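A closer look at the structure
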Amino acid sequence: MAFCDASMVGYGCCVYLHITDPFGNISVRLLCAESKVSPVKVTILARLELVAAVLLSNLVRVVKERLETRISVSDLFVFFHCGTFLDPFVPASLVCFCQ
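If you're wondering where the values come from, they're calculated on a predicted model, not measured in any experiment.

So, the nonpolar core
- Core analysis: the largest hydrophobic core is formed by 16 residues, its most contacted members being Ala2, Cys4, Tyr11, Cys13, Val15 and Leu56.
- Elements with a minimum of two residues in this core: strand 1 (2–6), strand 2 (10–20) and helix 1 (45–67).
- Counting residues per element, this core draws most heavily on helix 1, at 9 residues.

In structure tokens form, the structure reads like this:
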């Protein structure tokens, strides 16, 4: 599972590992996270949300490449808050929570 969000102060993302063992026990752990401070140059929140989504996609790609050499990755769920400004860029396979 992966999440990202942005504000006028900064943006970031995190990746959680959700494992179900053969006995049905579920374990969820924070695998990694990355954050950045928003640029000093004034920008709009929509741009920062898009930058956070790009940061998340890069982090997910790296994590998936590294994990697939050790374990089987059956599903990947990506969550982020978005508005209509991200809709054209979001593949249908990704989940987007809009308020």
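From this point on, the discussion continues.
Thoughts on the environment of Asn25
- Inspection of the secondary structure assignment puts Asn25 in the loop between strand 2 and strand 3 (26–37).
- Look at Asn25 and you get partly exposed, because its relative accessible area is 45%.
- Once residues lying within four places of it in the same chain are set aside, the contact partners of Asn25 are Ile19 and Thr20.

With respect to the pattern of salt bridges
- Summed over all chains, the structure comprises 3 salt bridges.
- Here Glu34 ties to Lys36 by a salt bridge, and the two come within 3.9 Å at their closest N and O atoms.
- Judged by its relative accessible area of 31%, Glu34 falls in the partly exposed class.
- By relative accessible area, which is 40% here, Lys36 ends up partly exposed.
- Among the salt bridges present, the one from Glu68 reaches Lys64, with a minimum N-O distance of 3.5 Å.
- A relative accessible area of 34% places Lys64 in the partly exposed class.

Considerations on the side chain of Ser38
- With respect to the helices and strands, Ser38 occurs in the loop between strand 3 and helix 1.
- In this structure the side chain of Ser38 is engaged in a polar contact, spanning 3.0 Å, whose partner is the backbone nitrogen of Gly10.
- Dropping the residues within four chain positions of it, Ser38 is found in contact with Ser7, Met8, Val9, Gly10, Tyr11 and Leu48.

What about the pairing of strand 3?
- A small share of strand 3 lies buried, amounting to 0 of its 12 residues.
- Summarising the sheet, strand 2 and strand 3 pair through 11 bridges and their orientation is antiparallel. Residue pairing for strand 3: Thr20 is matched across the bridge by Ile26.

Calculation rules
- Residues numbered from 1 in each chain as written.
- Predicted model: local features only at pLDDT ≥ 70, side-chain atom pairs only at ≥ 80, totals over all residues.
- Heavy atoms only, no water.
- Core = buried A, V, L, I, M, F, W, Y, C linked by side-chain atoms within 4.5 Å.
- Buried < 20%, exposed > 50% of the residue type's maximum accessible area, 1.4 Å probe, protein only.
- Helix = DSSP H or I, 4+ residues; strand = E, 2+ residues; numbered from the N terminus.
- Contact = heavy atoms within 4.5 Å.
- Salt bridge = Lys/Arg side-chain N within 4 Å of Asp/Glu carboxyl O.
- Polar contact = N/O pair within 3.5 Å; in protein donor to acceptor, adjacent residues only side chain to side chain.
- Pairing = 2+ DSSP bridges.

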